[in-house]
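Now for the letters of each chain:
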Amino acid sequence: QVRLVESGGGLVQAGGSLRLSCAASGSTFSINVIGWYRQAPGKQRELVAAISSSGSTNYADSVKGRFTISNDNTKNVLYLQMNSLKPEDTAVYYCNAQYHTILARILDSWGQGTQVTVSS
């Protein structure tokens, strides 16, 4: 089992920056892909950025060039550096990990979410 705890959300003005953190615990060695999703009011949850166990990254087009995903494997912490924030980035941001079990099942784990609000 993998457990995720996010932190770092808050209120920021447009053009500002925030860094989100996601602390992973449990069977972190079994994680295949870990990333960030977000959900704005009235909208579906969407992928923001993800990083695989091999280090390859994937970003939503709307955040390319502004957000950077990284992880510190020694601390089992995932980061999302968000620069040049826009009001449309306002959402609850969730950390997600896809991991495999000993029986080769692929499961998802979600954090509790952290609110990011960007004022205009």
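Report on the accompanying structure. This is a predicted model, so every value here is computed, not measured.

For the rest of this paragraph, the subject is the pattern of salt bridges. When the charged atoms of two side chains with opposite charge come close together, those side chains can pair. This model, assessed by the stated rule, comprises 4 salt bridges. The partner of D89 in a salt bridge is R38, with the nearest N and O atoms 2.9 Å apart. Placement of D89 in the loop between β8 (77-82) and β9 (91-100) and of R38 in strand β4 (residues 31-39) is noted, with a sequence separation of 51 residues between them. Across the pair D61 and K64 runs a salt bridge whose closest N-O atoms are separated by 3.1 Å. A residue is classified by how much of its surface remains accessible, and K64, at 51% relative accessible area, is exposed. Residues participating in the shared-partner salt-bridge network are R38, E46, R66 and D89.

The full count for this structure, using the stated rule, is 2 aromatic pairs. With centroids separated by 5.1 Å and ring planes inclined at 65°, the aromatic side chains of Y37 and W110 adopt a geometry described as edge-to-face. Here the residue Y37 occupies a position in strand β4, and W110 occupies one in strand β10 (residues 106-110), the gap between them amounting to 73 residues. Exposure remark for W110: the relative accessible area of 36% places this residue in the partly exposed category. Summarising the aromatic geometry, the rings of Y94 and W110 are spaced 6.4 Å apart at their centres and angled 85° between planes, so their arrangement reads as edge-to-face. Of the two residues, Y94 is situated in strand β9 and W110 in strand β10; the sequence distance between them amounts to 16 residues. These aromatic residues form a ring-pair network of at least three members: Y37, Y94 and W110.

With 30 residues, the main nonpolar core has W36, L80, M82 and Y93 as its most contacted residues. Elements represented by at least two residues in this core include exactly β1 (2-7), β3 (18-26), β4, β5 (46-52), β7 (67-72), β8, β9 and β11 (114-119). If one sorts the elements of this core by residue count, β9 sits on top with 5 residues. Apart from residues no more than four positions distant in its own chain, M82 is found in contact with G16, S17, L18, L20, R66, F67, Y93 and V116.

Thresholds applied
Residues numbered from 1 in each chain as written. Predicted model: local features only at pLDDT ≥ 70, side-chain atom pairs only at ≥ 80, totals over all residues. Heavy atoms only, no water. Salt bridge = Lys/Arg side-chain N within 4 Å of Asp/Glu carboxyl O. Helix = DSSP H or I, 4+ residues; strand = E, 2+ residues; numbered from the N terminus. Buried < 20%, exposed > 50% of the residue type's maximum accessible area, 1.4 Å probe, protein only. Phe/Tyr/Trp six-rings, centres within 6.5 Å; stacked < 30°, edge-to-face > 60°. Core = buried A, V, L, I, M, F, W, Y, C linked by side-chain atoms within 4.5 Å. Contact = heavy atoms within 4.5 Å.

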